[in-house]
Amino acid sequence: MFGLGQKNIGIDLGTANTLVYIDGKGIVLREPSVVARNTNSGEVVAVGKEARKMLGRTPGSISAIRPMKNGVIADYDTTVAMMKYYIQKALGRTSEKPYIMVCVPSGITEVEKRAVIDATRVAGARDAYVIEEPFAAAIGAGLPVMDPTGSMVVDIGGGTTDVATISLGGIVSSRSIRMAGDKLDESIVAFIRQKYNLLIGETTAENLKIKIGSASIEASADIEGESIRGRDLISGLPKTIDVTAEDVAKAIHDTIEEVIAAIKETLEETSPEIAADVIDHGIVLTGGGAMLKNLTDVISEATKVPVFVANEPLDCVAIGTGESLKSIEVMKRRGSR
């Protein structure tokens, strides 16, 4: 089906970041899913890292947006422009159109799936296919997805958390919830606003989450706090305050509980045989959210199952998406087109 020398690519089209995998080369591009446009002309001013620097700092004539929301396309035209830019950047100058595999959350509708395929074709694909995120994550994490053995993966991305049990090349049971990295950031913004009357941006909240965020309120006592700057809601002036790790842990507690509930519900739907396999082999965490401090301990305590973070958790979905290109005929039979 593929021509000799044809560069086929896999794209992890994430809410927060986009990764591009080229068959035979691995991950060649890793950029934020952000586009800056001129609001008057509609012209794309910047994409990726340069556009991300503009978030919350643009003048009236420029709008920096994230075209993906909760793992699906929120702004079609901007998503196409972003994908076109990344495909050209990854492949360089070539007239040959690649076959592209794109990952999508397991819970999206057929309409949302069709939008991803159409956008990928318009962006320059010869043809496009989709693969569900938890399945791609499981491949990228090196789990035996084709074996008659049950595996469980929890992919915590920017917009969605995808939970799935997998066996014999398919998803047995799954949950996709819109409780992930972005929701954690929003919760931190809301908590700081309520407790300290300080308005901070989502970039500041994300930095707090990465540096001192903990899934366990008890364990957060051992983590040093952080100074942050924002706008005082009473005086309207800039202000610096010290935030404790316990503040951040309390802010994100409810979202972590939602993720744990999704894991439990998915386990409850599986057969006793697969549940036994999961107990033997453990739950594997992937995605940026997997790196949250003490998360493995909190999930393991709640489910009574061992929990591990995959090697290179940020790359698992992209690697799995790219690896699945080798089984494109199988993907087509699974109805991924």
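Reading the values: the criteria
- Residues numbered from 1 in each chain as written.
- Predicted model: local features only at pLDDT ≥ 70, side-chain atom pairs only at ≥ 80, totals over all residues.
- Heavy atoms only, no water.
- Buried < 20%, exposed > 50% of the residue type's maximum accessible area, 1.4 Å probe, protein only.
- Helix = DSSP H or I, 4+ residues; strand = E, 2+ residues; numbered from the N terminus.
- Pairing = 2+ DSSP bridges.
- Right-handed = clockwise from strand over helix to strand, strands pointing away.
- pLDDT = per-residue confidence, 0-100.
- Contact = heavy atoms within 4.5 Å.
- Salt bridge = Lys/Arg side-chain N within 4 Å of Asp/Glu carboxyl O.
- UniProt positions renumbered as here; feature names shortened; annotations may be inferred.
- Polar contact = N/O pair within 3.5 Å; in protein donor to acceptor, adjacent residues only side chain to side chain.
- Core = buried A, V, L, I, M, F, W, Y, C linked by side-chain atoms within 4.5 Å.
- Domains from an automatic or database assignment.
- Axes fitted to C-alpha atoms, helices over the stretch in contact; angles between N-to-C directions.
- Buried area = accessible area lost by both parts, 1.4 Å probe.
- Nonpolar A, V, L, I, M, F, W, Y, C, P; charged D, E, K, R; others polar.

K.L.:
Can you tell me about the pairing of strand β10 (residues 127-132), naming the residues and giving the values?
P.N.:
In terms of burial, β10 is largely enclosed, as 5 of its 6 residues are buried. When strand β9 (residues 99-104) meets β10, the two strands line up parallel, connected through 6 bridges. Bridging across to β10, Met101 finds its partner in Tyr129. Tracing the backbone out of β9, into helix α3 (residues 110-122) and back to the parallel element β10 gives a crossover that is right-handed.

K.L.:
Mind laying out the confidence of the model for the chain, listing which residues take part and the relevant values?
P.N.:
The pLDDT averaged across the chain works out to 92; a share of 95% of its residues lies at or above 70. This model gives residues 1-5 a pLDDT under 50, and the stretch forms 9 contacts once residues within four places in sequence are excluded.

K.L.:
Describe the pattern of salt bridges, listing the residues and the values that go with them.
P.N.:
Tallied over the full model, the rule gives 16 salt bridges. Of the charged contacts, one joins Glu226 and Lys211 as a salt bridge, the two residues approaching to 3.5 Å between their closest N and O atoms. Residue Glu226 is located in strand β15 (residues 226-232), and its partner Lys211 is located in helix α6 (residues 202-212); the two are separated by 15 residues in the primary sequence. Since its relative accessible area comes to 26%, Glu226 is described here as partly exposed. A salt bridge links Lys326 to Glu323, with the nearest nitrogen and oxygen atoms 3.0 Å apart. A residue is classified by how much of its surface remains accessible, and Lys326, at 55% relative accessible area, is exposed.

K.L.:
Describe the UniProt feature "binding site: ATP" (unreviewed entry) in the chain, listing the residues and the values that go with them.
P.N.:
The sites that UniProt annotates as "binding site: ATP" (unreviewed entry) are Thr15, Ala16, Asn17, Gly158, Gly159, Thr160, Glu206, Asn207, Leu208 and Lys209. The residue Thr160 is located in the loop between β11 (151-156) and β12 (161-167) in this model. Classification of Thr160 by relative accessible area gives buried; the value is 4%. Setting aside residues up to four positions removed in sequence, Thr160 forms contacts with Asn70, Gly71, Pro105, Glu133, Asp155, Ser176, Ile177, Arg178 and Ala180. You can call Lys209 buried: its relative accessible area is 14%. Discounting chain neighbours no more than four positions away, the residues touching Lys209 are Gly181, Leu184, Asp185, Ile188, Val248 and Leu292. Polar contacts involving the side chain of Lys209 include one to the main-chain carbonyl oxygen of Gly181, which spans 3.4 Å.

K.L.:
Which residues make up the nonpolar core, and what values go with them?
P.N.:
Counting residues in each nonpolar core, the largest one holds 42 residues, and the members touching the most others are Ile188, Ile192, Ile200, Ile256, Ile263 and Ile283. Residue assignment for this core shows that the elements contributing at least two residues are β11, α5 (181-196), α6, β16 (238-243), α7 (245-269), α8 (272-281), β17 (283-286) and α9 (295-303). Among the elements that make up this core, the one with the highest residue count is α7 (10 residues). Counting only domains with at least three residues in this core, you end up with domain 2 (143-179 + 255-313) and domain 3 (181-251). Beyond its immediate sequence surroundings of up to four residues, Ile256 is in contact with Leu184, Ala215, Leu292, Leu295 and Val298. Counting residues in hydrophobic clusters, the runner-up holds 29 residues, among them Leu13, Val80, Leu91 and Ile100.

K.L.:
Explain unusual backbone geometry to me, and be specific about the residues and the numbers.
P.N.:
With the exception of glycine, the majority of residues adopt a negative phi angle, and the majority of peptide bonds are in the trans configuration. The backbone of Leu168 shows a phi angle near 50°, a positive value even though the residue is not glycine. Looking at the secondary structure, you find Leu168 in the loop between β12 and β13 (170-177). Positive phi, normally seen in glycine, also occurs at Asn197, with a value near 55°. Along the polypeptide, Asn197 turns up in the loop between α5 and β14 (198-199).

K.L.:
Tell me about the sheet that holds strand β2 (residues 17-22), and please be specific about residues and values.
P.N.:
Strand order in this open sheet of 5 strands is β3-β2-β1-β9-β10, and the pairing throughout is mixed. With partners counted over all chains shown, the strands left at the sheet margins are β3 (26-32) and β10, one partner each. Neighbour to neighbour, the strand axes of the sheet diverge by 20° on average, direction disregarded. In the packing of helix α4 (residues 133-140) onto the sheet, the strands contacted are β9 and β10, and the crossing angle to β10 comes to about 80°.

K.L.:
So what's going on with the sheet that holds β12? Residues and values would help.
P.N.:
In space, the 5 strands of this open sheet follow the order β13-β12-β11-β17-β18, with mixed pairing throughout. Pairing within the sheet leaves two strands with one partner each, and these edge strands are β13 and β18 (307-309). On average, each strand axis in the sheet is tilted by 20° relative to the strand beside it, whichever way the strands run. Pairing between β11 and β12: 6 bridges, direction antiparallel. Looking at β12, one finds that Ser151 is bridged to Ile166.

K.L.:
Can you break down the domain arrangement of the chain residue by residue, with the values?
P.N.:
Domain boundaries assigned for the chain yield domain 1 (9-135 + 317-335), domain 2 (143-179 + 255-313) and domain 3 (181-251). On a C-alpha basis, the centres of domain 1 and domain 2 stand 25 Å from each other. Taken together, the 15 residues of domain 1 in the interface contact 16 residues of domain 2. Summed over both partners, the interface of domain 1 with domain 2 buries about 1200 Å², with 59% contributed by carbon and sulfur atoms. For the pair domain 1 and domain 2, the number of links is 1 salt bridge. Joining domain 1 to domain 2, the criterion identifies 2 residue pairs in polar contact (both at pLDDT 80 or more). Among the elements that take part in the side of domain 1 that touches domain 2, α4 stands out by supplying 3 residues, more than any other. In terms of residue class, the side of domain 1 that touches domain 2 is made up of 6 nonpolar, 5 polar and 4 charged.

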